[in-house]
Amino acid sequence: MSDVREYVLKTPPGGIKRYDHEALCDLLKVEDYSRVIFEQGVGREAIVRVYPTNPLMDVREISLDDLAMDGRGRITLGTYFDGSPLRFRLFDPKTGNAQRGAVFGTTGAGKSRLVQAILVACKASGIVVHLADLKHGQSVPEAKGNVATRVTTQYEAILMLRGLVAEAERRMAAYAEMGRSGFVKDAPDPLTYGIVDEANRLLEKGAPFRDEAALLIKELGRTGRSVGVGIIIAAQAGHLDELGGSDTLRAMLKEGEVILLRWSSAMMQQLVGDGLIPRGEALQPIPKVVGQVRKIRRYNETRADDEDDVNSQGMLYHLTGIRPTSMARTYVVGSIEPCTGYDPLILALYGPQAPPGEPIDLEAHMTAKERKAAGGGDGEDDEPSTSEPELDTATMSTAQRILAALPADGLTEVDLLAALNADGGREVRRGSLRTTISGLRGKGEIARPDSTGLIVPIPAD
Ligand SMILES: Nc1ncnc2c1ncn2[C@@H]1O[C@H](COP(=O)(O)OP(=O)(O)O)[C@@H](O)[C@H]1O
Ligand SMILES: [Mg+2]
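Predicted model only: the values in this text are computed from it and were never measured.

Criteria and cut-off values
- Residues numbered from 1 in each chain as written.
- Chains lettered and ligands numbered in written order.
- Predicted model: local features only at pLDDT ≥ 70, side-chain atom pairs only at ≥ 80, totals over all residues.
- Heavy atoms only, no water.
- Phe/Tyr/Trp six-rings, centres within 6.5 Å; stacked < 30°, edge-to-face > 60°.
- Helix = DSSP H or I, 4+ residues; strand = E, 2+ residues; numbered from the N terminus.
- Buried < 20%, exposed > 50% of the residue type's maximum accessible area, 1.4 Å probe, protein only.
- Lys NZ or Arg CZ within 6 Å of the ring centre and 35° of its normal.
- Domains from an automatic or database assignment.
- UniProt positions renumbered as here; feature names shortened; annotations may be inferred.
- Axes fitted to C-alpha atoms, helices over the stretch in contact; angles between N-to-C directions.
- Left-handed = near helix turned anticlockwise from the far one by under 90°.
- Contact = heavy atoms within 4.5 Å.
- Nonpolar A, V, L, I, M, F, W, Y, C, P; charged D, E, K, R; others polar.

### Digging into the packing of aromatic side chains
By the definition in use, this model includes five aromatic pairs. Between tyrosine 51 and phenylalanine 81, the ring centres sit 6.3 Å apart and the planes meet at 85°, which makes this aromatic pair edge-to-face. Taken together, the residues tyrosine 51 in the loop between strand 3 (45-50) and helix 2 (64-67) and phenylalanine 81 in the loop between strand 4 (74-80) and strand 5 (85-89) connect sequence positions 30 residues apart. When the ring of phenylalanine 104 is compared with that of tryptophan 263, the centres are 5.9 Å apart and the planes differ by 50°; the resulting orientation is tilted. Here phenylalanine 104 is found in strand 8 (residues 100-104), whereas its partner tryptophan 263 is found in the loop between strand 13 (257-260) and helix 8 (265-273), with 159 residues between them in sequence. The class of phenylalanine 104 is buried, set by a relative accessible area of 4%. In this structure tryptophan 263 comes out as buried when scored by relative accessible area, which is 9%. Three or more aromatic residues link up through ring pairs in this structure, and these residues are Phe91, Tyr175 and Phe183. We note arginine 60 situated over the ring of tyrosine 331; from NZ or CZ to the ring centre the distance is 4.0 Å.

### Notes on the domain arrangement of the chain
When its domains are assigned, the chain resolves into domain 1 (5-50), domain 2 (64-288 + 309-350) and domain 3 (394-461). Taken over C-alpha atoms, the centre of domain 1 sits 64 Å from the centre of domain 3.

### Re the UniProt feature "domain: Schlafen group 3-like DNA/RNA helicase" (unreviewed entry) in the chain
Residues annotated by UniProt as "domain: Schlafen group 3-like DNA/RNA helicase" (unreviewed entry) correspond here to residues 103-259. Along residues 103-259 one finds 42% helix and 17% strand; the C-alpha atoms at either end are 5 Å apart.

### Quick word on the packing of helix 4 (residues 154-177) against helix 13 (residues 430-442)
Look at helix 4 against helix 13: their axes get within 8 Å of each other, and the N-to-C directions meet at 120°. Between helix 4 and helix 13 the crossing geometry is right-handed. Contact residues: Ala173, Ala174 and Glu177 in helix 4; Arg434, Thr435, Ser438 and Gly439 in helix 13. Its residues assigned to classes, the contact of helix 4 with helix 13 shows two nonpolar, three polar and two charged.

Structural data, given as structure tokens:
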């Protein structure tokens with residue numbers, strides 16, 4: 001591109017500590033600040049390029065090819081300003097690790113479209129997704145029927161997250177039993193993600209399940225990775241407290257995929273202040289309107305009709321990527337014009353086939369107290385009862401059936417297996433009994449094995 005001016009600058013060792021984009025543009029006499037792209041290189045070099053227009057103004061539509069996971073476990077979500085691909089990792093074949101991901105940005109910055117692209121990628125790559133769309137299912141409506149589990153309320157999201165943590169624990173015990181140190185994709189378990197859009201609703205101050213949500217998300221980030229259970233959240237916030245405190249972010253940033261879309265400058269300062277973005281990393285701000293010239297108009301001059309239309313959706317920094325300070329943008333995902341129903345372009349990306357995986361049995365992850373509250377609250381013909389509730393073994397998890405079947409003084413494995421296979425629920429095989437038991441031992445619900453060989457429950461306190 002001959003009409004691009006390029007300046008190579010020497011910076012102080014370690015790079016620029018404070019970067020004033022406007023001052024630089026004024027110095028270069030460029031009125032449209034978005035035409036100037038600043039990139040801190042490694043060491044003492046920085047590059048400033050002045051484009052005829054912002055190079056990210058016209059990006060192409062995303063394709064299924066972009067979203068097919070490559071041999072390194074990455075998908076392509078968009079492009080950097082210089083045309084190189086913006087890659088996002090969903091799997092690390094070298095370590096067998098699932099990822100934890102976070103997408104941050106203010107309302108309208110493009111979080112949900114980016115999530116939608118990840119959802120399409122997962123479906124196309126045989127990755128099982130359990131999704132919480134906490135804006136009443138409005139953020140990514142086309143995901144309905146295209147993910148294994150889809151919930152839209154905070155309570156269901158908690159049940160879903162409990163289910164994911166339980167699955168991670170089950171896998172840990174099962175893999176340990178198999179003598180395996182890590183996750184091998186699809187042998188036998190699929191790569192699985194929990195994805196929460198509008199996670200701020202779960203994590204903000206005063207949210208009903210805030211503490212548990214933060215705990216479950218952190219727990220998944222900690223233990224899920226190595227057994228192929230990942231977590232991705234999308235969130236907006238004006239303050240770190242609204243994301244369950246800076247801890248949630250710190251865990252994400254330590255080893256994860258973090259994307260920062262348009263973000264208020266106050267939030268940006270907190271991220272730097274809290275050490276979440278390395279000090280001195282100079283991020284050129286992402287304006288709401290790109291291409292706007294802040295020139296005073298003379299008396300007869302008119303402004304363009306569309307000059308205040310937001311047009312920077314999808315512009316972002318991939319903070320944990322190889323170029324954290326280079327501006328990038330997601331490709332166009334779906335229709336530009338609003339649709340009256342489901343977006344046909346997005347439905348076409350998902351394709352008609354059924355999504356991989358089985359839904360999480362949400363009820364199985366209710367506590368006894370919650371189940372009682374849910375069962376006893378509404379029915380007029382509910383008998384008031386103090387006796388043991390009838391167990392619906394068909395909808396209970398194996399773990400719950402085990403705990404229900406075990407008397408206080410325990411059972412042998414043979415007797416427990418017989419009891420389970422007489423309780424009216426699905427058939428339980430010895431292998432799955434053993435892995436579930438080691439999972440329950442890990443959680444402190446069943447005692448460690450001893451010389452009697454009896455399986456003994458640990459009473460809850
Ligand atoms: N990658 C994209 N491709 C096409 N349109 C986009 C993209 N990102 C954002 N938009 C536009 O911006 C609007 C807001 O994006 P959305 O993803 O819903 O933002 P957020 O979830 O951050 O509030 C969308 O309705 C769409 O019109
Ligand atoms: Mg959204």
